[in-house]
Amino acid sequence: MTSRPLVSVFSVSGEKAGETTLPAVMNAPLRPDLIQFVHTNMNKNKRQAYAVNIHASKKVVASSWGTGRAVARIPRVGGGGTSRSGQGAFGNMCRGGRMYNPSKTWRKWNRKINITQKRYAVASALAASAVPALVMAPGHVGDEVPEIPFG
């Protein structure tokens, strides 16, 4: 997108003090796809590792009843005198069983981002801030701003 070659410079009191040319970075090509890619991958570097307990659902003694009893061959809690005895254990389909594919702390949590891509994304985002249509598009109110980019 094109931007204006000259922008106004305002004094501390708010009056126009002069004009200056825009820096070359403000004319960088706009790449929203690159900005989104870099932003998404940089946000992944803020995550903290999590995982389920490795002993979850394994703290009960259970063994399969085998075939011939008209029940599934899932390991079952032994004993008697409690509602837990005879219930399925260990399987991911059982109440109190382990989850399927338990989460691990050694998952790939962080992402490396190419330095050139980071620099290109910053330049592109900075150039987008010089386009009034893009600045006003998300619903921002800029009536008090004399001109965009505001210098």
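Residues numbered from 1 in each chain as written. Predicted model: local features only at pLDDT ≥ 70, side-chain atom pairs only at ≥ 80, totals over all residues. Heavy atoms only, no water.

Focus on the packing of helix α1 (residues 32-43) against helix α2 (residues 115-128)
Thinking step 1. Contact pair α1 / α2: the axes reach a minimum separation of 9 Å and the direction vectors enclose 120°. Taken together, the axes of α1 and α2 lie oblique to each other. Between α1 and α2 the crossing geometry is left-handed. Contact residues: Leu34, Ile35, Phe37, Val38 and Met42 in α1; Gln117, Lys118, Tyr120, Ala121, Ser124 and Ala125 in α2.
Thinking step 2. Considering only residue class, the contact of α1 with α2 consists of eight nonpolar, two polar and one charged. (Axes fitted to C-alpha atoms, helices over the stretch in contact; angles between N-to-C directions. Helix = DSSP H or I, 4+ residues; strand = E, 2+ residues; numbered from the N terminus. Parallel < 35°, antiparallel > 145°, perpendicular 65-115°, else oblique. Left-handed = near helix turned anticlockwise from the far one by under 90°. Contact = heavy atoms within 4.5 Å. Nonpolar A, V, L, I, M, F, W, Y, C, P; charged D, E, K, R; others polar.)

Thoughts on the pairing of strand β2 (residues 16-21)
Thinking step 1. A small share of β2 lies buried, amounting to zero of its six residues.
Thinking step 2. Alignment of strand β1 (residues 6-10) against β2, held across five bridges, turns out to be antiparallel. Bridged to serine 8 within β2 is glutamate 19.
Thinking step 3. Between β1 and β2, which pair antiparallel and follow one another directly, the connecting turn spans five residues, one of which, glycine 14, has a positive phi of 110°. (Buried < 20%, exposed > 50% of the residue type's maximum accessible area, 1.4 Å probe, protein only. Pairing = 2+ DSSP bridges.)

Considerations on the pattern of salt bridges
Thinking step 1. Using the criterion set out here, one finds two salt bridges in the structure.
Thinking step 2. Lysine 16 is paired through a salt bridge with glutamate 19; the nearest N and O atoms lie 3.4 Å apart. (Salt bridge = Lys/Arg side-chain N within 4 Å of Asp/Glu carboxyl O.)

Re the side chain of serine 103
Thinking step 1. Note that serine 103 resides in the loop between β4 (76-77) and α2.
Thinking step 2. Residue serine 103 is classed as buried on the basis of its relative accessible area of 11%.
Thinking step 3. Separated by 3.3 Å, the side chain of serine 103 and the backbone nitrogen of valine 52 make a polar contact.
Thinking step 4. The residues touching serine 103, leaving out its near neighbours within four places in the chain, are Tyr50, Ala51 and Val52. (Polar contact = N/O pair within 3.5 Å; in protein donor to acceptor, adjacent residues only side chain to side chain.)

Concerning the side chain of serine 85
Thinking step 1. In this structure, serine 85 sits in the loop between β4 and α2.
Thinking step 2. Within polar-contact distance, the side chain of serine 85 engages the backbone oxygen of threonine 82 at 2.8 Å.
Thinking step 3. Non-local contacts of serine 85, meaning those with residues more than four positions away in its chain, are made with Val77, Gly78, Gly79 and Gly80.

Without other data, these values stay purely geometric and don't point to any function.
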